[in-house]
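Here is what each chain is made of, one letter per residue.
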There are 2 protein chains.
Amino acid sequence: MQKNLEQILNTILHSSEILEEKMKQDSDLKDLTSRQLYCIELINKMENPSLTELADGMSIAKASISVMIDRLEKKKLIYKVTSDNDRRTAHVHLTEIGMKAASIHTDLHKRISELLTKDMTESEKEILIVLLNKSVKSLIKNKMQISN
Amino acid sequence: MQKNLEQILNTILHSSEILEEKMKQDSDLKDLTSRQLYCIELINKMENPSLTELADGMSIAKASISVMIDRLEKKKLIYKVTSDNDRRTAHVHLTEIGMKAASIHTDLHKRISELLTKDMTESEKEILIVLLNKSVKSLIKNKMQISN
DNA sequence: AAAAATAATTAGATATATCTAACTAAATTA
DNA sequence: TAATTTAGTTAGATATATCTAATTATTTTT
């Protein structure tokens, strides 16, 4: 009952999804949609972007991001700060709750990592990490050619 | 620049998401929502469930699944077959296009697996698979206790 | 300073995802 | 057979995610 790599990936990715859903349910973030969560993660990554930058980042119209940000503001996940340089521009910041939401993915990866190496010896862990580093290198190297 | 397991997971999961999005865009399935894709995957896994079973599987109301299935039918992704035993019951089947949609995840895992082992020797591959099998066992074993 | 460009908002449209409640048709039970 | 239960649909409500077009406030260019 040895699994091949595809089946292993399947199990890991599927478990990740389930665990992520559980973490969301267990937190006070139950009613965040996937788009909203994505938006929050992007705000985190982009470090307080303007609405226009965010809209570009999410590939949606400025009007759409404006509405979305309104809703996230009502839910106390973000707040807007008007720029001093250009008073037309607003920058989006995460609140405490927003930051918690943004860290869901990171936390998830941490927990999965722990689970994956739970029953391993130190040397097994080391070998696994060396090999996976190699894997990830191939993955990144080939990313560009993936699209076809 | 050796990455730890958490960073590796991060890269793999992130690449998976991007690749999945690309595969969706490149197919004729651009306008499928994530809920619709999830629904189709579930239909595939459950093997022609009734609407009630599907609704339970997705944890939504029967009325909601009815509407959703209507839309998927209009898009030619599924079709309904009235049961001979019980003529109140309809079973949902995937069309050719529906099956294509359902296999997006599987295809994705196959491609990622290929990429991950692209630059490895056979023996490296073997070791990786043995170790990851161990990982997956821990993962499954601990799944129950994850929720807290 | 007047004209043009830019950032964000608002209005109005369409599609989706949900819900509860009411309804129809069919099957089961008493 | 009459009453009850069950499967699915329909109607009507609310929330989200999008869009384009029009509007407002500011900034930049001429």
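Just above sits the structure.
Chains are numbered independently. Their residues run from 1 in the order of the written sequence. Going through the entries in the order they are written, you letter the chains from A and number the ligands from 1. Restriction of local features to residues with pLDDT of at least 70 applies here, the model being predicted, together with a cutoff of 80 or more for giving and counting side-chain atom pairs; totals for whole chains, interfaces and linings are based on all residues. Excluded from the side-chain calculation are hydrogens and water; included are all heavy atoms of the structure.

S.K.: Would you explain the overall build of chain A in this entry?
M.R.: Here a strand is any run of E in DSSP of at least two residues, a helix any run of H or I of at least four, and the numbering for each starts at the N terminus. A count of helical and extended segments in chain A gives 7 helices and 2 strands. Ordered by position from N to C terminus, the α and β elements of chain A give α-α-α-α-β-β-α-α-α. Based on C-alpha atoms, the radius of gyration is set beside the globule rule, defined as 2.2 Å times the residue count to the power 0.38. At 19 Å, chain A has a C-alpha radius of gyration far larger than the 15 Å of a compact globule built from 148 residues. With the C-alpha coordinates aligned to their principal axes, the bounding extent of chain A is approximately 60 × 40 × 25 Å. Out of the 148 residues belonging to chain A, those deemed buried represent 43%. Pairs of residues are marked as contacts when any of their non-hydrogen atoms sit within 4.5 Å. Considering only residue pairs separated by 6 or more positions, chain A has 48% of its internal contacts joining residues 24 or more positions apart. Note on areas: Shrake-Rupley with a 1.4 Å probe; residue coverage comes only from the protein chains shown. Here chain A has roughly 8,500 Å² of accessible surface; of this, 52% comes from carbon and sulfur atoms. Any residue under 20% of the maximum accessible area for its type is buried, any over 50% is exposed, and the rest in between are partly exposed; the area is computed with a 1.4 Å probe on protein chains only.

S.K.: When you look at the interface of chain B and chain A in this model, what are you seeing that I'm missing?
M.R.: As a measure of interface size, the accessible area lost when the parts come together is often cited. Contacts between chain B and chain A engage 54 residues on the former and 54 residues on the latter. Accessible surface is computed with a 1.4 Å probe, and the buried area is the amount of it that two parts give up when combined, taken over both parts together. Summed over both sides, the interface of chain B with chain A buries roughly 5,500 Å², with 65% coming from carbon and sulfur. Summed over the three residues of chain B that lose the most area to chain A, namely Leu5, His109 and Leu139 of chain B, the buried surface amounts to 12% of that side. What makes a salt bridge here is a side-chain nitrogen of Lys or Arg within 4 Å of a carboxyl oxygen of Asp or Glu, nothing more. Linking chain B with chain A are 4 salt bridges. Of the charged contacts, one joins Asp119 of chain B and Lys141 of chain A as a salt bridge, the two residues approaching to 2.9 Å between their closest N and O atoms.

S.K.: What am I meant to see in the relation of the copies chain B and chain A here?
M.R.: Between the two chain copies there is a screw-like relation: a rotation about an axis and a shift along it. When chain B is brought onto chain A, the operation consists of a screw motion whose angular component is 180 degrees and whose axial shift is 0.1 Å, with 0.1 Å RMSD remaining. Such values leave the two copies arranged in the relation of a two-fold axis. Every residue of chain B has its C-alpha some distance from the rotation axis, and the shortest such distance is that of Leu128 of chain B, at 3.3 Å. A symmetric contact is evident, with 100% of the interface residues of chain B recurring at the interface of chain A. To superpose the copies, least squares is applied to the C-alpha atoms of every residue with a pLDDT of at least 70 in both.

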